[in-house]
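Structure at a glance
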Amino acid sequence: MGIQRRTFLKMLAGTTVTAASIKAFGLSGINLKVVNDPYAYPPEYRGWEDLYRDEWTWDSVTRSTHGVNCTGSCSWKVFVRNGLILREEQAADYPDIDPALPSINPRGCNKGACYAAEYVNGDRRIKYPLKRVGARGAGLWQRISWDQALTEIADQVIANIQSDGPDSLTFFTPIPAMSPVSFSSGVRLAHLLGGVVCSFYDWYCDLPPGSPITLGEQTDVAESTDWVNSRYMILWGSNPVQTRIPDAHFVTEAKYNGCKVLAIFPDFASSSIRADRWLSVEPGTDAALALAICQHLITTSQYDAAYLQEQTDMPFLVRTDTGEYLREADVVAGGAADRFYVWSGGQLEPAPNADLNLGSLSPDLSVSEVVDLDGGGTATIETVFDRLTARLNANHTAAQAAGITGVGAAVITEIANEIGAAGTSSGGRVMIMHGAGTNHWYHNDLNNRAMLLMLSLLGAIGKNGGGFNHYVGQEKIWPVNGLKALSFPQGGAHQRFQNTTLWTHVHAELSDQPTGLSQTTRGYMFDSVANGWMPLYPEGALGTDKAAYVSNGVPHRDPKMMFIWRANWFNQAKGNNYIEQSLYPKLNMIVDLNFQMDTTAFYADIVLPSASHYEKHDINTTDMHSFCHPFNPAIPPMFESKTDWQIFQALAAKIQERAGGYTYPDPKWPGGTRDLSTLQNDFTNNGAIAADIDATQFLLDNAPETAGMTMAGITVQPQRFNNTTTWTSNLEAGRPYTAFLKNTEDKELYHTLTGRQQYLIEHAWFVEAGEELPTYKPPVTAAGEEGFPLLYNTPHGRWAIHSTWRNAKQMLRLNRGGPICYMHPTDMTTRGLADDDWVRMHNNHGQVIVRVKEMKSEKAGRVTMYHSWERYVGIKGQMANFNSVTGIRIKPTQLAGGYGQLHFALNYWGPTGVQRDTRVEVEKYNG
Ligand code: SF4
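Residues numbered from 1 in each chain as written. Predicted model: local features only at pLDDT ≥ 70, side-chain atom pairs only at ≥ 80, totals over all residues. Heavy atoms only, no water.

Details of the sheet that holds strand S31 (residues 862–864)
Backbone hydrogen bonds are what pair the strands of a sheet, in a parallel or an antiparallel way. Read once around its circumference, the closed barrel built from 6 strands follows the order S27-S31-S28-S30-S29-S32, with strand pairing classed as mixed. In this sheet, neighbouring strand axes are inclined to one another by 45° on average, regardless of whether the strands run parallel or antiparallel. Here strand S28 (residues 820–823) runs beside S31; their pairing, made up of 2 bridges, is antiparallel. Bridge pairing in S31 links Tyr822 to Thr864. (Pairing = 2+ DSSP bridges. Helix = DSSP H or I, 4+ residues; strand = E, 2+ residues; numbered from the N terminus. Axes fitted to C-alpha atoms, helices over the stretch in contact; angles between N-to-C directions.)

Notes on helix H9 (residues 249–256)
Along H9, the positions that sit buried rather than exposed are Phe250, Val251 and Ala254. For H9, the angular spread of the buried residues around the axis is 110°, confining them to a single face. The inward-facing, buried residues of H9 contact strand S8 (232–236), helix H8 (240–243), strand S9 (260–264) and strand S16 (430–434). (Buried < 20%, exposed > 50% of the residue type's maximum accessible area, 1.4 Å probe, protein only. Arc of directions from axis to C-beta. Contact = heavy atoms within 4.5 Å.)

A short note on the sheet that holds strand S10 (residues 277–279)
On the basis of which strands lie adjacent, the open sheet formed by 5 strands has the order S10-S9-S8-S16-S17 and parallel pairing. Edge positions in the sheet fall to S10 and strand S17 (467–470), since each of these pairs with one other strand and no more. Neighbour to neighbour, the strand axes of the sheet diverge by 20° on average, direction disregarded. As paired elements, S8 and S9 share 5 bridges and run parallel to each other. Along S9, the bridge assignment pairs Ile234 with Leu262. In the packing of helix H15 (residues 409–426) onto the sheet, contacts are made with S8, S9, S10 and S16, and the angle to S10 comes to roughly 130°.

Considerations on the state of the cysteines
By the definition in use, this model includes 0 disulfides. In this model Cys198 remains outside any disulfide bridge; the closest cysteine sulfur is found in Cys205, 17 Å from its own. Judged by its relative accessible area of 1%, Cys198 falls in the buried class. (Disulfide = S-S within 2.5 Å.)

Some words on the site of the ligand
With respect to spatial proximity, the complete set of residues near the ligand consists of His66, Val68, Cys70, Gly72, Ser73, Cys74, Trp76, Gly108, Cys109, Gly112, Pro246 and Trp805. Along the lines of polarity and charge, the residues of the shell around the ligand split into 7 nonpolar, 5 polar and no charged. (Near = heavy atom within 4 Å. Nonpolar A, V, L, I, M, F, W, Y, C, P; charged D, E, K, R; others polar.)

Examining the packing of helix H10 (residues 286–299) against helix H14 (residues 398–405)
Close contact between H10 and H14 brings their axes to 9 Å; oriented N to C, the two are set at 165°. With respect to each other, H10 and H14 are oriented roughly antiparallel. Pair H10 / H14 crosses with left-handed handedness. Residue-level inspection shows Ala288, Leu289, Ala292 and Gln295 of H10 in contact with H14, the latter providing Ala398, Ala401, Ile404 and Thr405. (Parallel < 35°, antiparallel > 145°, perpendicular 65-115°, else oblique. Left-handed = near helix turned anticlockwise from the far one by under 90°.)

So, the side chain of Glu785
Position of Glu785 among the secondary structure elements: in the loop between helix H30 (764–768) and strand S27 (790–793). Of the side chains with opposite charge, Arg919 lies nearest to the buried Glu785, which makes no salt bridge, at 6.1 Å. Look past the residues within four positions of Glu785 in its chain and what remains in contact with it is Asn844, His845, Asp917, Thr918 and Arg919. (Lys, Arg positive; Asp, Glu negative; His and termini not counted. Salt bridge = Lys/Arg side-chain N within 4 Å of Asp/Glu carboxyl O.)

Remarks on the nonpolar core
Counting residues in each nonpolar core, the largest one holds 179 residues, and the members touching the most others are Ile153, Leu193, Met454, Phe563, Trp569, Tyr584 and Ile655. Considering each element in turn, this core owes the most residues, 10 residues, to H10. What Phe563 contacts, discounting residues up to four positions off in sequence, is Ile153, Val157, Thr170, Phe171, Phe172, Val591, Phe648 and Leu651. (Core = buried A, V, L, I, M, F, W, Y, C linked by side-chain atoms within 4.5 Å.)

What about the packing of H10 against helix H17 (residues 444–457)?
How two helices sit against one another is set out by the angle between their axes and by the gap between those axes. The interhelical angle for the contact between H10 and H17, taken along N-to-C directions, is 25°, at an axis separation of 8 Å. Relative to H17, H10 is oriented roughly parallel. The way H10 lies across H17 gives a crossing that is left-handed. Residues Asp286, Ala287, Ala290, Leu291, Ile293, Cys294, Leu297 and Ile298 of H10 form the contact with H17, whose own contacting residues are Leu446, Asn447, Ala450, Met451, Leu453, Met454 and Leu457. Counted by class, the contact of H10 with H17 contains 13 nonpolar, 1 polar and 1 charged residues.

Observations concerning the pattern of salt bridges
Per the counting criterion, the structure on display carries 50 salt bridges. Its salt-bridge partner being Arg862, residue Asp267 comes within 3.4 Å of it at the nearest N-O pair. Of this pair, Asp267 sits in the loop between S9 and S10 while Arg862 sits in strand S31, placing them 595 residues apart in sequence. We classify Arg862 as buried; its relative accessible area is 6%. Here Glu771 ties to Lys891 by a salt bridge, and the two come within 3.0 Å at their closest N and O atoms. Residue Glu771 is found in the loop between H30 and S27, and its partner Lys891 is found in the loop between S31 and strand S32 (919–924); the two are separated by 120 residues along the sequence. For Glu771, a relative accessible area of 1% translates into the label buried. Among the residues examined, Lys891 registers a relative accessible area of 5% and is labelled buried.

What about the environment of Val480?
Within the secondary structure, Val480 is located in helix H18 (residues 480–487). Under the relative-accessibility criterion, Val480 is labelled buried at 15%. For the pair Val480 and Gln581, spaced 101 residues apart in the sequence, the C-alpha separation amounts to 37 Å. When sequence neighbours within four positions are dropped, the list of residues in contact with Val480 reads Thr726 and Trp727.

Re a nonpolar patch on the surface
Taken together, the side chains of Trp48, Leu51, Tyr52 and Leu86 make up a nonpolar region of the molecular surface, amounting to roughly 470 Å² of accessible area. The greatest single-element share of the nonpolar patch, amounting to 3 residues, is contributed by helix H3 (residues 48–53). Locating Tyr52 in the fold gives a position in helix H3. (Patch = residues over 30% accessible without salt bridge, like charges linked within 9 Å, V, L, I, M, F, W, Y side chains within 5 Å. Areas by Shrake-Rupley, 256 points an atom, 1.4 Å probe, with all protein chains shown as cover.)

Right, here's the structure in full:
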């Protein structure tokens, strides 16, 4: 029986619902209630219906994107009606690199699709300047005017410069690639004031330190399209199905193209289902596995000897008496200390030092000879390859690795043979997709170096379809020279840069740690700063009395003020409780620019409302693809918000006004004197870059990768970058980008001491640690964490990008709606825990109380809490978060300097913010 919905409703709205009618509609047994006909409502109450009738009408469509350090860099269309953003949709119009390759369209993810609903129009939006009126973190705020906010901040800036110097001003903003103009806004002001700009790539432990150690590069990787060129892909600590949603399809497409995929995770991570095979390793033992594969490849001669001869230091000669490279200075009077030797044709030959071309040389990979030394005497020489092989044979056989990794020796050799065959048959098209899972360990550099070694043996670095593709963080700002020009108008030499891990460790007064070496952590920190290897601000913070600092850990000078923008620094900071207890009290003002009330804003003193991603001009770039595309304002900044560029410009103007012509000496500045009377004009280049769009165009104009591009042009359609002079490969038409082609194809030297992929590091601290060559060391248990049995794992998940969307209703509905940890059933049973119980996760650093979820695919002995829950989201009993149980550990070798490629540079070299060795206990919470 057919019936119209309207008729049905009218019948139900009648005065009597008879038993017959109920029976006639097959509704017997249902307790029906009569409701009013909504269509009978007066028209003035039915306006909501128009929303649906007009769903597919709009006033404007604007191209924009999201700057959340997701690495997606997806271009979106933003639909506006009546001045409000209604919805967003993937633009899906990236040009093809090569029509024969899979398209990168459409790009997008579940989070991006609800950005407008959650953050532009969401209820956490910060509408006005706010001033804290209660204790930090109490959530008590007063609405103030922009003028009052800028005046109070400007006065505090000037007062701090006068009392403590400009290096007491600290500026933190991460990841320029996600919105470089916003990045540059505060950094440019810091530059003009003499403030300290903090690192982020190392602090967030995105930096793979093995890359600068071995390759002399921070990181460079293949764009995701290149994955389809691979013949053997290892997902090692990277879980693309969850964390690279717009790019994960390339893994499947690589398989269609004949690639074998191996997943190496302790747990059955969700990407494992896309792999041909999954190896469950013990957490933190990846280097042991990689080195055993290397040992088997060498033993069975499954390596690319020609590649090793040309691209690596493997044939370089080493003195057996010193363990150091044989140098020209050793054998020639007045010889150079940076000229090295190989053995070729039965004699000593200088290694080429203009480029990697070997010419007529054919360096031996194995040598045992004696050479005459300048000044008399002799030295026995061998090669790096000899020393490495001896170490691998002694310590890193498959049988030895089996006992460490939990992977059987037969499986290791089987896998090694597979990888060796794939490398040999494909000319090195073997890639490791590397991620935070293996990079967040204390010995992350050893993990990196072991994996790099495996790839070097296969000739896989600097090959399409091959390489060490480390995808953690949206680090690749393709037009980097434009960024520098905008951020540091007087050049980087006049900017104070700071490694954030070291700065936070010192000023939050983290406990000292034994290292198993000759000094404790503080001893190495003091020496590194005293040697000038690592900067530490404010200058003189550690004093001159090493013994006093090592014993009490109290700095001599404190930072006074902190600016944070485009970041949830406090929430994401390891050692969260130490920062709250020891660092924050030293800061007389914390200023946060934000579009939402996140944890950092919650604990700030003044919060300035910043424009959302759909309300400003900027660009967005990523290592995952090679296209430039913009942010554009779909609507003007809502409420009283302003763009970051406008906020810092307004602050520059206010500081100039309040400073009244104040000048101060600063040796870091050209001429030695800073003059605040011209600050606003200095900020805007005399007005030329006052507008956001002009600042963006300035950035594009000042980089070879974007020269000739216009904001209007990239708004019409994303454009592929120009050929690059900045990165490690040229960008060629029709060819996916992969790293280090300038070395393998153009034969350029690597930026290392030897000009080669360098596996021998002679630095005294590496030698002391026994890490002069790749090796394996187990996870470390920090002092104070002994007795806490569970490893604490904090990976990236699919329902948030860091802390963004962690508080988003639409994402929370896709999981349990609040902070949870995941445990193996065995670990739960031994603790008397049932699924969904409240549990107290705790150690010597603090505690966090969340619900537990049973996860059969979790590794026993480990508890996982996807990272970045805000302090205020559903955590029971206290303001706490996933970082309440972390400290800060610094590995001494990552403080080293004064050696070839080991020199401090922002985000290139410095201690990383490791946390995956952390240990906790979990117990039922009955509070
Ligand atoms: Fe793409 Fe990132 Fe936006 Fe998701 S959040 S749609 S990955 S840009």
